[in-house]
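Okay, here's what each chain looks like letter by letter:
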Amino acid sequence: MASLSGLFSSSLKPSKTLSVKALSAPPTRGGDSFSFPHTSKPTHLPLTLSASRSDISHTDAATAAKKELIKDPDALWKRYLDWLYQQKDLGLYLDVSRVGFTDEFVVDMEHRFKAAFKAMDELEKGSIANPDEGRMVGHYWLRNSSLVPKPTLKTLIENTLDSICSFADDIIAGKIKPPSSPRFTQILSVGIGGSALGPQFVAEALAPDNPPLKIRFIDNTDPAGIDHQIAQLGPELASTLVIVISKSGGTPETRNGLLEVQKAFREAGLNFAKQGVAITQENSLLDNTARIEGWLARFPMYDWVGGRTSVMSAVGLLPAALQGIDIREMLTGAAIMDEATRTTSLKNNPAALLAMCWYWASDGVGSKDMVILPYKDSLLLFSRYLQQLVMESLGKEFDLDGNTVNQGLTVYGNKGSTDQHAYIQQLREGVHNFFATFIEVLRDRPPGHDWELEPGVTCGDYLFGMLQGTRSALYANGRESISVTIEEVTPRSVGAIIALYERAVGLYASLVNINAYHQPGVEAGKKAAAEVLALQKRVLSVLNEASCKDPVEPLTLDEIADRCHAPEEIEMIYKIIAHMSANDRVLIAEGSCGSPRSVKVYLGECNVDDMYA
Ligand SMILES: O=P(O)(O)OC[C@H]1O[C@H](O)[C@H](O)[C@@H](O)[C@@H]1O
């Protein structure tokens, strides 16, 4: 590895910034020579340019420029060297040479980044960076508590970390054990969104082959999914540590998961409280439940840590520690990356480079999607993790000044080379609506395990070849890509890439002037779901009244809607009835599902007290 580090050392880079125009062909923004076909939105020109990329069609000149670029490997190599970023302590490299930003664009962005760096600095000092919710944003403090603006919070962070480590050690050593087993063997994590995605990604990336405790997740209110997880545990439910994670402590899916698991414990004759752990904000519904029921342990969440940046709080650290993952190394990796991304030199700041590339590639309006391609099975869930981090942070209707902007960046991906046998065909040749990010891991296997499956070539060489081949093939067809390289998948490097993307999202949000730390749009779906359930109760109450008559009075959909005083909800009422009918509920529906007008409904049993009302 030493030789590679040497190869990538900054001393080998040319000191002068290459003029991209001087290179044979990279596309330029705002000029007629722009090279890539584009389908961006016609509105919102965020930069002061003479023309947007969307103004420029897929011309012959563009094609020529693209070809020229491919023909000049020397210029491309110079661009590679000129822009290659490395963080030696982390063994992390960032290559943005295959994104076609121009010198003019960089100059413009440097100007814009001044404000973004300032906003980030203020955020780290404790400003109310989430104005809508009046909250500080402090996930960076979790890995460097000396940054915390209030001494009490510093103590809280440090004490929580110590208590996570000692609790995990005691569980693994069997000092804390379940009532009817010699030790805990399984973790069942119940949580959703930011209370699941980080722990899932970390487990997939870093858990050893034989962890001290194996982990499973309930991250939905799908009864069949929950049954499956519980069934898979089987008799090991008796040695399962159930960690219920919810920052707010009131998320319905998580509450439902908890109630289902508690039912399974009751049915197995087990005492849930002796095996339950809560991670939530103090005095939340979940916290109060856990305290009153006397659960095994409770760990805090803080209002200044958002769900999607909570993986380095107890949310991610406790499950990781219980799986034998070195959480202090994860924190160290994140802290080193945090430091590296505080520099206000754009070219030496990997998070800023990412944000700049996103802005370039998507016109600062999300006109292209971010495809994440890790060439490493253990990083499979990175794209799913990033979906929440990026899309919940950046997908906003209004900017900070109240203008309608409908911002966002769509993220998806899976892993290479698997995807080469699935959707890379479209990326290479199809609709050009994305830019790619390759995540490369240099170390194929632990030392001493490799072998050559044909002369001079290992299995890992194939993976390497597939990545490089795809990167080249995409570029050759005018499709931009970023490459993030890490030496190995370790707690340190995983902490670092999480921190890298957290900061890139924060900086990008400043560039496009939006609040990255709230999620007002999520509430609309939750509210609508609650309204559906409320309507269901009204439907049941109306049906109950009609079914208690003698003779029973079957009702048409129109009659139900009318009696619910909700004629505009007739379609939803039909769906409610179809769903309940399919699940053998008390309700009896006559007629054909395919023709709603023919349906007549009554309840199989009348409840004189009308418990649905
Ligand atoms: O951790 P919880 O409070 O249960 O929240 C879980 C999730 O709920 C919502 O959907 C939010 O939009 C997410 O940001 C959050 O991660």
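Predicted, not measured: the structure shown is a model, and the values here were computed from it.

The subject of this paragraph is the side chain of Thr-240. On the secondary structure map, Thr-240 appears in strand β5 (residues 240-245). A distance of 2.7 Å separates a polar side-chain atom of Thr-240 from the backbone oxygen of Glu-236. When near neighbours in sequence (up to four residues on either side) are disregarded, Thr-240 contacts Phe-184, Gln-186, Ile-187, Leu-188, Leu-233, Phe-265 and Gln-275.

Moving on, we come to helix α7 (residues 223-233). Looking at α7, one finds that the buried residues are Ile-226, Gln-229, Ile-230 and Leu-233. The arc enclosing the buried residues of α7, seen along the axis, measures out at 95°, which places them on a common side. Along α7, the residues that are exposed and aim more than 90 degrees away from the buried face are Ala-224 and Ala-231. For α7, the elements touching its buried residues are β3 (186-190), β4 (214-218), β5 and α8 (252-267). You can read the cap of α7 off the contacts: a side-chain oxygen lies 3.0 Å from the backbone nitrogen of Ala-224, and it is on Asp-222. Trailing α7 by a residue or two, Gly-234 shows a phi angle of about 55°, which is positive.

Another point: the site of the ligand. As a structural note, the neighbourhood of the ligand is formed by 13 residues, with Ser-195, Ser-246, Ser-248, Thr-251 and Glu-392 the closest of them. Thr-251 has a polar side-chain atom sitting 2.5 Å from an oxygen atom of the ligand. One of the side-chain N or O atoms of Glu-392 is found 2.6 Å from an oxygen atom in the ligand. When isolated, the ligand has an accessible area of 390 Å², and the protein chains bury 87% of it.

Further remarks concern the pattern of salt bridges. Tallying each qualifying case throughout the model produces 26 salt bridges. For Glu-267, the salt bridge identified is with Lys-263, shortest N-O distance 3.1 Å. Here Lys-263 and Glu-267 lie together in helix α8, a separation of 4 residues that amounts to about one turn. Given the relative accessible area of 59%, Glu-267 is considered exposed.

Another aspect to go through is the pairing of β5. Most of β5 sits inside the fold, with 6 of its 6 residues counted as buried. Burial along β5 is two-sided: the face carrying Thr-240, Val-242 and Val-244 and the face carrying Leu-241, Ile-243 and Ile-245 are both buried. Strand direction decides the pairing type here: β3 and β5, joined by 5 bridges, are parallel. Its bridge partner lying in β5, Ile-187 is registered against Leu-241. In the sheet, β5 pairs with strand β6 (residues 276-281) via 4 bridges, with the strands oriented parallel. Residue Ile-243 lies in a different strand from β6, and its bridge partner there is Val-277. In this fold, the crossover linking β5 to β6 by way of α8 has right-handed handedness.

Taken in spatial order, the 5 strands of this open sheet run β4-β3-β5-β6-β7, and their pairing is parallel. At either end of the open sheet lies a strand with only one pairing partner, and these are β4 and β7 (297-301). Between one strand and the next, the sheet's axes are offset by a mean angle of 20°, whatever the strand orientation. Along the sheet, helix α9 (residues 285-293) contacts β5, β6 and β7; its crossing angle with β6, the most-contacted strand, is approximately 145°.

This next bit is on the sheet that holds strand β15 (residues 587-590). Pairing within the open sheet is antiparallel, and its 3 strands lie in the order β14-β16-β15. The open sheet has two edge strands with one neighbour each: β14 (555-556) and β15. Direction of pairing for β15 relative to strand β16 (residues 600-603): antiparallel, over a ladder of 4 bridges. Bridge pairing in β16 links Leu-587 to Leu-603.

By the secondary structure assignment, Asp-369 is in strand β8 (residues 369-374). Residue classification places Asp-369 among the buried residues on the basis of a relative accessible area of 16%. What Asp-369 contacts, discounting residues up to four positions off in sequence, is Thr-410, Tyr-412, Asn-433, Phe-434 and Phe-435.

Take the nonpolar core next. Of all hydrophobic cores here, the largest spans 118 residues; its most connected members are Phe-101, Phe-113, Phe-201, Met-356, Trp-358, Ile-482 and Tyr-501. Of the residues forming this core, the biggest block, 13 residues, is contributed by helix α16 (residues 491-511). If you look at the next biggest cluster of nonpolar residues, it comprises 22 residues, including Val-539, Leu-540, Ile-560 and Leu-603.

The subject of this paragraph is the state of the cysteines. Under the counting rule described, the total for this entry stands at 1 disulfide. Between Cys-548 and Cys-606 runs a disulfide, and the two sulfur atoms are separated by 2.0 Å. With the S-S dihedral at roughly 100°, the linkage between Cys-548 and Cys-606 falls on the right-handed side. Within this pair, whereas Cys-548 is found in the loop between α17 (520-547) and β14, its partner Cys-606 is found in the segment after β16, the two being separated by 58 residues in sequence. Overall, the relative accessible area of 31% leaves Cys-548 in the partly exposed class. Under the relative-accessibility criterion, Cys-606 is labelled partly exposed at 37%. As a non-bridged cysteine, Cys-564 has Cys-548 as the owner of its nearest cysteine sulfur, 15 Å distant.

One pass over the structure, following the stated rule, counts 17 aromatic pairs. Each ring, one from Phe-272 and one from Trp-295, has its centre 5.1 Å from the other, and the planes form 75°; the classification is edge-to-face. Placement of the pair is Phe-272 in the loop between α8 and β6 and Trp-295 in the loop between α9 and β7, with a sequence separation of 23 residues. Residue classification places Phe-272 among the buried positions, given a relative accessible area of 6%. Seen in terms of ring centroids, Tyr-375 and Phe-438 are 6.1 Å apart; in terms of plane orientation they differ by 50°. Their pairing is tilted. With Tyr-375 in the loop between β8 and α13 (382-394) and Phe-438 in strand β10 (residues 434-441), this residue pair connects regions lying 63 residues apart in the sequence. With relative accessibility at 2%, the residue Tyr-375 sits in the buried group. Feature note: the residues Phe-105, Phe-201, Trp-358, Tyr-359, Trp-360, Phe-382, Tyr-385, Tyr-501 and Tyr-508 constitute an aromatic cluster, connected by ring pairs. The ring of Tyr-475 carries Arg-98 above its face, with NZ or CZ at 5.4 Å from the centroid.

Reading guide: rules and limits
- Residues numbered from 1 in each chain as written.
- Predicted model: local features only at pLDDT ≥ 70, side-chain atom pairs only at ≥ 80, totals over all residues.
- Heavy atoms only, no water.
- Helix = DSSP H or I, 4+ residues; strand = E, 2+ residues; numbered from the N terminus.
- Polar contact = N/O pair within 3.5 Å; in protein donor to acceptor, adjacent residues only side chain to side chain.
- Contact = heavy atoms within 4.5 Å.
- Buried < 20%, exposed > 50% of the residue type's maximum accessible area, 1.4 Å probe, protein only.
- Arc of directions from axis to C-beta.
- Near = heavy atom within 4 Å.
- Areas by Shrake-Rupley, 256 points an atom, 1.4 Å probe, with all protein chains shown as cover.
- Salt bridge = Lys/Arg side-chain N within 4 Å of Asp/Glu carboxyl O.
- Pairing = 2+ DSSP bridges.
- Right-handed = clockwise from strand over helix to strand, strands pointing away.
- Axes fitted to C-alpha atoms, helices over the stretch in contact; angles between N-to-C directions.
- Core = buried A, V, L, I, M, F, W, Y, C linked by side-chain atoms within 4.5 Å.
- Disulfide = S-S within 2.5 Å.
- Phe/Tyr/Trp six-rings, centres within 6.5 Å; stacked < 30°, edge-to-face > 60°.
- Lys NZ or Arg CZ within 6 Å of the ring centre and 35° of its normal.

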